[in-house]
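Observations on the three-dimensional arrangement
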Amino acid sequence: MRLSSSLKLRHLEVFVEVARKMSVTQAAEALGMTQPAVTRALRELEAVCGKPLVEKHGRGIRLSSYGELFRDHAGRSLALARDGVALLQGLGEAEGPQVSIGALPTVAADLVPDTLAQLHAGRAPGRFVVMSGGNQYLIDQLRRGSLDVVVGRLPAPETMAGVEFDPLYRERVAVVVAAGHPLAGAAHLPSAVFEDYPVLMPSEGSIIRPLVERMFLEQGLSLPRFPVETVSSSFGRRFVLAHQAVWIISHGVVRPDLQAGTMTALPVNTDSTLGPVGLCTRREHRLSAAAQRFCAALRSHCAALGLR
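Per an unreviewed UniProt entry, the chain goes by the name Putative LysR type transcriptional regulator and belongs to marine alpha proteobacterium Y4I. Checking UniProt for the chain, the heading Sequence similarities (unreviewed entry) contains the comment "Belongs to the LysR transcriptional regulatory family."

Below, the structure is given as structure tokens:
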């Protein structure tokens, strides 16, 4: 059987979206197709592959063992096709193809915007789009080809299929309060510190949440009874500055606030939360010249700040 006459890009788009949503209905909505059309495309793809890719699971569906094997290949093939189209579309534009950057909160506060500002000041050509969000969401977008590079903490190993990580520096979690907080400047913390004040914690599922929980266990601290879970930097900053809250978050998120003196770090040993921050890219993806300039400028900026 000739693949060229049997396998179409539409088949891969449908399969990747169904695999991401685990729902024919939601995949159809995302793709702007009808449910019967999505189901038909899946059946056609299964006929090409000669194996069932999706199976019933309770009231919903899940990927079969064959579907799990095929998912990564389908996603990478679709992403490569999109890369090629985007490259050719950008060749006729003086400013070059668009560069899509995923920025986790730890770098969205200063490193990524400062790097883009430096590129702009140097008149380097390029069109940039910056997307923020959780690590899993951004890595999914990277794998699908919607992003060229993701900047942030090293993701969990199980999410790294088809993704390469280039480390930039290492950072730890910080425990901070507003400069005028009653605990600001304290040499030692009271045992009930996380009960007397509101506490902002990394959300469940975030990269640093397990590190924070381990830090509490190692130091014999009780987890806050009524935490506010968030990875939103804008919400966290407002809450800390206005409501005497304690904020447990990646140091990079509050680095500008600590440098400006609007926040101060509490005397909590966070050495066990130290972890790498870097660039995630797809293995088969060849970065455009503009994307390469961004990555090089980001490395230089980190070095200039003494981050390592």
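Next up on the list: the sheet that holds strand S8 (residues 199-201). Sheet architecture is open: 5 strands sit in the order S9-S8-S10-S7-S11, paired in mixed fashion. Looking along the sheet, the strands with just one partner apiece sit at the ends: strand S9 (228-229) and strand S11 (263-265). Strand direction decides the pairing type here: strand S7 (residues 173-178) and S11, joined by 3 bridges, are antiparallel. What sits directly across from Ala178, in S11, is Met263. Those strands touched by helix H12 (residues 251-260) are S7, strand S10 (246-250) and S11, and its axis lies near 120° from that of S10.

Scanning the entire structure with this criterion turns up 4 aromatic pairs. A ring pair is formed by Phe15 and Phe70, whose centres lie 5.2 Å apart and whose planes are at 55°; its orientation type is tilted. Here Phe15 is found in helix H2 (residues 9-21), whereas its partner Phe70 is found in helix H5 (residues 65-90), with 55 residues between them in sequence. Taking the relative accessible area as the measure of exposure, Phe15 reaches 0% and is therefore buried. Each ring, one from Phe128 and one from Phe294, has its centre 6.4 Å from the other, and the planes form 50°; the classification is tilted. Linking Phe128 in strand S4 (residues 127-132) with Phe294 in helix H13 (residues 289-304), this pair joins segments that are 166 residues apart in sequence.

The next point concerns the environment of Leu307. Mapped onto the secondary structure, Leu307 falls in the segment after H13. Each C-alpha atom of the pair Leu307 and Glu171 lies 8.4 Å from the other, and the pair is 136 residues apart in sequence. Residues contacting Leu307, with those up to four places away along its chain left out, are Leu111, Leu168, Tyr169, Arg255 and Cys302.

Here we take up the environment of Leu80. Tracing the sequence through the fold places Leu80 in helix H5. Taking relative accessible area as the criterion, Leu80 reaches 37% and is therefore assigned partly exposed. C-alpha separation for the pair Leu80 and Val254, spaced 174 residues apart in sequence, amounts to 36 Å.

For the chain, the assigned domains read domain 1 (9-89), domain 2 (98-170 + 276-305) and domain 3 (173-273). Just the C-alpha atoms count here: the centres of domain 1 and domain 3 sit 42 Å apart.

Turning our attention to the side chain of Asp148. Residue placement: Asp148 occurs in the loop between helix H8 (135-144) and strand S5 (149-153). Put simply, Asp148 is tucked away with no salt bridge, and the nearest opposite charge, on Arg282, sits 5.1 Å away. A polar side-chain atom of Asp148 sits 2.7 Å from the main-chain amide nitrogen of Ser100. Setting aside chain neighbours within four positions, we find Asp148 in contact with Gln98, Val99, Ser100, Leu142, Cys280, Thr281, His285 and Leu287.

Its location among the elements puts Gly32 in the loop between helix H3 (24-31) and helix H4 (35-49). The spatial distance from the C-alpha of Gly32 to the C-alpha of Gly236 is 36 Å, given a sequence separation of 204 residues.

Considering all chains together, one arrives at 1 cavity of 30 Å³ or more under this definition. For the largest cavity, the calculated volume is near 30 Å³. Lining of the largest cavity is provided by Arg76, Ala79, Leu80, Arg282, Glu284 and His285. Residue contributions to the lining of the largest cavity peak at 3 residues, all from H5. In this structure, the lining of the largest cavity is formed jointly by two domains, domain 1 (9-89) and domain 2 (98-170 + 276-305), each of which donates at least three residues.

Definitions and cut-offs
Residues numbered from 1 in each chain as written. Predicted model: local features only at pLDDT ≥ 70, side-chain atom pairs only at ≥ 80, totals over all residues. Heavy atoms only, no water. UniProt positions renumbered as here; feature names shortened; annotations may be inferred. Pairing = 2+ DSSP bridges. Helix = DSSP H or I, 4+ residues; strand = E, 2+ residues; numbered from the N terminus. Contact = heavy atoms within 4.5 Å. Axes fitted to C-alpha atoms, helices over the stretch in contact; angles between N-to-C directions. Phe/Tyr/Trp six-rings, centres within 6.5 Å; stacked < 30°, edge-to-face > 60°. Buried < 20%, exposed > 50% of the residue type's maximum accessible area, 1.4 Å probe, protein only. Domains from an automatic or database assignment. Lys, Arg positive; Asp, Glu negative; His and termini not counted. Salt bridge = Lys/Arg side-chain N within 4 Å of Asp/Glu carboxyl O. Polar contact = N/O pair within 3.5 Å; in protein donor to acceptor, adjacent residues only side chain to side chain. 1 Å grid on protein atoms, 1.4 Å probe; cavity = no way out; pocket = protein on both sides within 12 Å on 5 of 7 lines; lining within 4 Å. Points joined across faces, edges and corners; volume = space filled by probe spheres on them.

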